[in-house]
Amino acid sequence: MSSRPKRPIDRRLLAALAEHPVMASLVGAEMASRFTATSTPLGILASVPLGDLEATVRSTLAAGKIVFVNMDSTPGLGHDPGALTYLKGIGAVGVCSTRAAIIERAGGLGLLSMQKVFVTDRSNLRRSLQSVARSHPDLVQLMPAVVLRYVERQARELGVPYLAAGFVQGAADVTEALRHGAAGVCTSDENLWELRRSALPTP
């Protein structure tokens, strides 16, 4: 286990998720452009070519959004420390990755971080949770959303807000995720982006 002290949960994230439980998954610059016109404060940016990345990041920043750049799905970006320095230099607020080393380095640079965890079986879950405990992300993204009912206890024990992603297709899926302890969901379904927590049944 890492001896690095755990960072306090970022208040901006908690405040945003308290009202807006849906984080927008933004696939490409065009979708990101539509996102800037919504009231949704949180997003994950993926599949934007490196040549367009700075302009896209800065447009979301100008719109007052908190956007995580998915480093695993950004063509040409790479996973070395220089990539994180580059992202910070173009104004990126946060990063998202499955790689614990990236998450640890991001925190050291003052970037927000979200660690993606794909749960395929119990042994995979155990290894993933150990990785999260070492890397100390600000958020965890658990995939697919349907596994939450089976891993809720372990996820809660992390002490890190977690979001459900994958196969989130309607308001009922959002409510279900919240019922199992998630702070919110991630989805590319634009019909769900502006969903408010107050509009959902109490989980």
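In this text, all values refer to a predicted model and were calculated from it rather than measured experimentally. (Residues numbered from 1 in each chain as written. Predicted model: local features only at pLDDT ≥ 70, side-chain atom pairs only at ≥ 80, totals over all residues. Heavy atoms only, no water.)

Asker: What should I look at first to understand the overall build of the chain in this one?
Answerer: When helices and strands are tallied, the chain shows eight helices and eight strands. Against the globule reference of 17 Å for 203 residues, the chain gives a C-alpha radius of gyration of 16 Å, in line with a compact fold. Overall size of the chain, expressed as C-alpha extent along the three principal axes, is 40 × 40 × 30 Å. Every one of the 203 residues in the chain was classed for burial, and the buried ones make up 53%. Partitioning the intrachain contacts of the chain with sequence separation of at least 6 by distance along the chain shows that 56% fall at a separation of at least 24. Element-wise, carbon and sulfur atoms account for 53% of the exposed surface of the chain, whose accessible area totals about 9,300 Å². Of note, the chain has its 22 positive side-chain charges centred 7 Å away from the centre of its 17 negative side-chain charges. (Helix = DSSP H or I, 4+ residues; strand = E, 2+ residues; numbered from the N terminus. Rg over C-alpha atoms; globule rule 2.2 N^0.38 Å. Buried < 20%, exposed > 50% of the residue type's maximum accessible area, 1.4 Å probe, protein only. Contact = heavy atoms within 4.5 Å. Areas by Shrake-Rupley, 256 points an atom, 1.4 Å probe, with all protein chains shown as cover. Lys, Arg positive; Asp, Glu negative; His and termini not counted. Charge placed at Lys NZ, Arg CZ, Asp CG, Glu CD.)

Asker: Quick question: what am I supposed to make of the packing of aromatic side chains here?
Answerer: A ring pair, where both rings are aromatic, is described by two values, the distance of the centres and the angle of the planes. All told, the structure shown has one aromatic pair when counted by the stated rule. Taking 6.0 Å as the distance between ring centres and 90° as the angle between the ring planes, the aromatic pair formed by Phe35 and Trp193 counts as edge-to-face. In this pair, Phe35 is assigned in helix H2 (residues 29-35) and Trp193 in the segment after strand S8 (184-187), connecting sequence segments 158 residues apart. The aromatic ring of Phe35 is capped on one face by Lys65, whose charged end is 5.1 Å from the ring centroid. (Phe/Tyr/Trp six-rings, centres within 6.5 Å; stacked < 30°, edge-to-face > 60°. Lys NZ or Arg CZ within 6 Å of the ring centre and 35° of its normal.)

Asker: Is there a simple way to explain the layout of surface pockets in this structure?
Answerer: To find leftover empty space, one rolls a probe the size of a water molecule over the atoms. Computed from the structure, the largest pocket encloses a volume of approximately 150 Å³. Contributing to the lining of the largest pocket are Ala145, Val146, Leu148, Arg149, Phe167, Asp173, Glu176, Ala177 and His180. At the level of secondary structure, the elements contributing two or more residues to the lining of the largest pocket comprise helix H7 (148-157) and helix H8 (171-179). The dominant element in the lining of the largest pocket, judged by the number of residues it contributes, is H8, at three residues. Across the lining of the largest pocket, the residue classes break down as five nonpolar, one polar and three charged. (1 Å grid on protein atoms, 1.4 Å probe; cavity = no way out; pocket = protein on both sides within 12 Å on 5 of 7 lines; lining within 4 Å. Points joined across faces, edges and corners; volume = space filled by probe spheres on them. Nonpolar A, V, L, I, M, F, W, Y, C, P; charged D, E, K, R; others polar.)

Asker: Would you take a moment to explain the environment of Thr74 for this structure?
Answerer: Relative to the helices and strands, Thr74 resides in the loop between strand S3 (66-70) and helix H4 (81-89). Residue classification places Thr74 among the buried positions, given a relative accessible area of 6%. Distance in space between the C-alpha atoms of Thr74 and Ser47 is 4.9 Å, their sequence separation being 27 residues. Look past the residues within four positions of Thr74 in its chain and what remains in contact with it is Leu45, Val48, Leu53 and Val69. A distance of 2.7 Å separates the side chain of Thr74 from the backbone oxygen of Asn70, its partner in a polar contact. (Polar contact = N/O pair within 3.5 Å; in protein donor to acceptor, adjacent residues only side chain to side chain.)

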